[in-house]
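The lines below spell out each chain.
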Amino acid sequence: MQIITERLIITAFNPENYKKVSETYSIRKHIVNYLDNLKEDPELLGWGAWFVTLADNNQVIGDIGFKGKPDNQGIVEVGFGIIPEMHNKGIATESVGAIIEWALSSRKAKKIVAECLIDNIPSIKVLEKLKMTRTGIENGMINWELPSDHHR
């Protein structure tokens, strides 16, 4: 499962590609947990971790994704992490925007939500560029949502 944008190749993690990616990219615990859960539920594919690769040199520069399948109201939470040397280049906005479009086009997701630390300026900028709106602050985190009537 892959999405290609202007500069990026965004690929859903699976047991086959995980080992190759782990040779050059630090695999965090949430990715391992997702792969374990994917073995139990193949329908999770796409609703967990994706890795972001630069199209011009195949360098893995981050991981993004969803924190599980949409709930019974069609709400799904998105998250992202891009390596520091790729910040301020529009990579997070481009990659997260692409998987949001994928999720909404699946018809399973009706609303995208996110959260970030109140002082995480780069993430705040990304979420604003993606046209997400702040819905509140809780435990030092800003909550965000993409209105369900949002169409790019």
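Residues numbered from 1 in each chain as written. Predicted model: local features only at pLDDT ≥ 70, side-chain atom pairs only at ≥ 80, totals over all residues. Heavy atoms only, no water.

Enquirer: I'd like a rundown of the overall build of the protein, residues and numbers included.
Expert: Across its full length, the protein holds four helices and eight strands. Here the C-alpha atoms of the protein give a radius of gyration of 15 Å, agreeing with the 15 Å that 2.2 N^0.38 yields for 152 residues. Taken along the three principal axes of its C-alpha coordinates, the protein extends 40 × 35 × 30 Å. Long-range contacts, defined here as pairs at least 24 residues apart, represent 54% of the contacts in the protein between residues at least 6 apart. Of the roughly 8,600 Å² of accessible surface on the protein, 50% is carried by carbon and sulfur atoms. Separation between the mean location of the 18 positive side-chain charges and that of the 20 negative ones in the protein comes to 2 Å. (Helix = DSSP H or I, 4+ residues; strand = E, 2+ residues; numbered from the N terminus. Rg over C-alpha atoms; globule rule 2.2 N^0.38 Å. Contact = heavy atoms within 4.5 Å. Areas by Shrake-Rupley, 256 points an atom, 1.4 Å probe, with all protein chains shown as cover. Lys, Arg positive; Asp, Glu negative; His and termini not counted. Charge placed at Lys NZ, Arg CZ, Asp CG, Glu CD.)

Enquirer: Before we move on, can you summarise the packing of aromatic side chains with the specific residues and values?
Expert: Counted under the stated rule, the structure contains five aromatic pairs. When the ring of Trp 47 is compared with that of Phe 66, the centres are 5.4 Å apart and the planes differ by 50 degrees; the resulting orientation is tilted. Placement of the pair is Trp 47 in the loop between helix H2 (29–40) and strand E3 (49–54) and Phe 66 in strand E4 (residues 60–66), with a sequence separation of 19 residues. Each member of the pair Trp 47 and Phe 66 is classed as buried. Their ring planes at 70 degrees and their centres at 5.3 Å tell us that Trp 50 and Trp 102 sit as a pair that is edge-to-face. You can see Trp 50 sitting in strand E3 and its partner Trp 102 sitting in helix H3 (residues 91–105), a full 52 residues away along the chain. By the ring-pair criterion, three or more aromatic residues cluster together here, those being Trp 47, Trp 50, Phe 66 and Trp 102. (Phe/Tyr/Trp six-rings, centres within 6.5 Å; stacked < 30°, edge-to-face > 60°. Buried < 20%, exposed > 50% of the residue type's maximum accessible area, 1.4 Å probe, protein only.)

Enquirer: So what's going on with the layout of surface pockets? Residues and values would help.
Expert: The calculated volume of the largest pocket comes to roughly 710 Å³. What lines the largest pocket is a set of 39 residues, among which Gly 79, Phe 80, Gly 81, Ile 82 and Ser 123 lie closest to the centre. Listed by contribution, the elements that provide at least two residues to the lining of the largest pocket are H2, E4, strand E5 (75–82), H3, strand E6 (111–117) and helix H4 (121–129). Tallied by class, the residues present in the lining of the largest pocket amount to 18 nonpolar, 14 polar and seven charged. (1 Å grid on protein atoms, 1.4 Å probe; cavity = no way out; pocket = protein on both sides within 12 Å on 5 of 7 lines; lining within 4 Å. Points joined across faces, edges and corners; volume = space filled by probe spheres on them. Nonpolar A, V, L, I, M, F, W, Y, C, P; charged D, E, K, R; others polar.)

Enquirer: Quick one: what's the story with unusual backbone geometry, residue by residue and with numbers?
Expert: Unlike most non-glycine residues, Asn 58 shows phi in positive territory, near 60 degrees. Within the secondary structure, Asn 58 sits in the loop between E3 and E4. When its relative accessible area of 56% is taken as the criterion, Asn 58 is described as exposed. Notably, Arg 107 is not glycine yet its phi reads approximately 70 degrees, a positive angle. Note on placement: Arg 107 falls in the loop between H3 and E6. Arg 107 sits in the exposed class, given a relative accessible area of 66%.

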